[in-house]
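If you want the building blocks of each chain, they are given just below.
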Amino acid sequence: DVIWPALAKAARESMQQANEGTGIIGAIVRLDPMSRGLSQARDQYASAMTVILALTTVLLVLACVNLGGLLLTRLSARSTELGVRLALGGSRSRIAQQMLLESLVLAGAGTVLAVPLAYMLVAPLPALLDPGFVGWQLSFAPDLRVLGLTAAAGFTVGLLLTALPLLFALRQ
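Conventions and cut-offs
Residues numbered from 1 in each chain as written. Predicted model: local features only at pLDDT ≥ 70, side-chain atom pairs only at ≥ 80, totals over all residues. Heavy atoms only, no water. Salt bridge = Lys/Arg side-chain N within 4 Å of Asp/Glu carboxyl O. Helix = DSSP H or I, 4+ residues; strand = E, 2+ residues; numbered from the N terminus. Buried < 20%, exposed > 50% of the residue type's maximum accessible area, 1.4 Å probe, protein only. Core = buried A, V, L, I, M, F, W, Y, C linked by side-chain atoms within 4.5 Å. Contact = heavy atoms within 4.5 Å. Polar contact = N/O pair within 3.5 Å; in protein donor to acceptor, adjacent residues only side chain to side chain.

Enquirer: Is there a simple way to explain the pattern of salt bridges in this structure?
Expert: When charged atoms on two side chains of opposite charge get close, those side chains can pair. Enumeration according to the criterion identifies 4 salt bridges in this entry. In this structure, Glu 102 engages Arg 74 in a salt bridge whose closest nitrogen and oxygen atoms are separated by 2.8 Å. A residue pair is termed long-range when its members are at least 10 positions apart, and Glu 102 in helix 4 (residues 92–122) and Arg 74 in helix 2 (residues 41–77) qualify at 28 residues. Across the pair Glu 81 and Arg 78 runs a salt bridge, and its minimum N-O distance is 2.9 Å. On the accessibility criterion, Glu 81 (27% relative accessible area) is partly exposed.

Enquirer: Would you mind going over the nonpolar core with me for this structure?
Expert: Soluble globular proteins: nonpolar side chains tend toward being buried together. Listed in full, the 7 residues of the largest apolar core are Leu 75, Leu 82, Ile 95, Ala 96, Met 99, Leu 166 and Leu 170. Contributing elements (two or more residues each) for this core: helix 4 and helix 6 (144–171). At 3 residues, helix 4 tops the list of elements feeding residues into this core. Residues within four places of Leu 170 in sequence aside, it is in contact with Leu 86, Arg 92, Ile 95 and Ala 96.

Enquirer: Just to check I follow, could you spell out the environment of Arg 78 for this structure?
Expert: As for its placement among the helices and strands, Arg 78 is situated in the loop between helix 2 and helix 3 (79–87). Apart from residues no more than four positions distant in its own chain, Arg 78 is found in contact with Gln 98, Met 99 and Glu 102. Here Glu 81 takes part through its side chain, which lies 2.9 Å from a polar atom of the side chain of Arg 78.

See below:
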């Protein structure tokens, strides 16, 4: 409410001055969304931050593939155990619950270890972007939404890569 009346008043005064011949005629006004801020650092470091985002995404995908490989190896190594449990009268649903719970525990442990690691590894990031720049105005603290998305991706990959082979193993 305060900005718009002041902006309207300044525009009226500028138009009056332009009509009287005392104002700036042909001035170009650039309006930027304020959600982006007024920092030139965003434009200067946008490409470097995009590369860091891409590398982080590749690292997340590699970690998920690695987790999937470990879970598949663990499940295939336990196939004889699953057969013995089924032969002794264990229900398929109970065995599936146990395996899924084990995967959730592994994913949770990974998440609990990854959050402090993210906070420790983000500290040297400004120096990597520009070693000579001291007055950083950008925040490099890990965003809780990104950490939540990463944790959700880890849990989802852990569950899917356990559930799908488990269904095939229990059907046999």
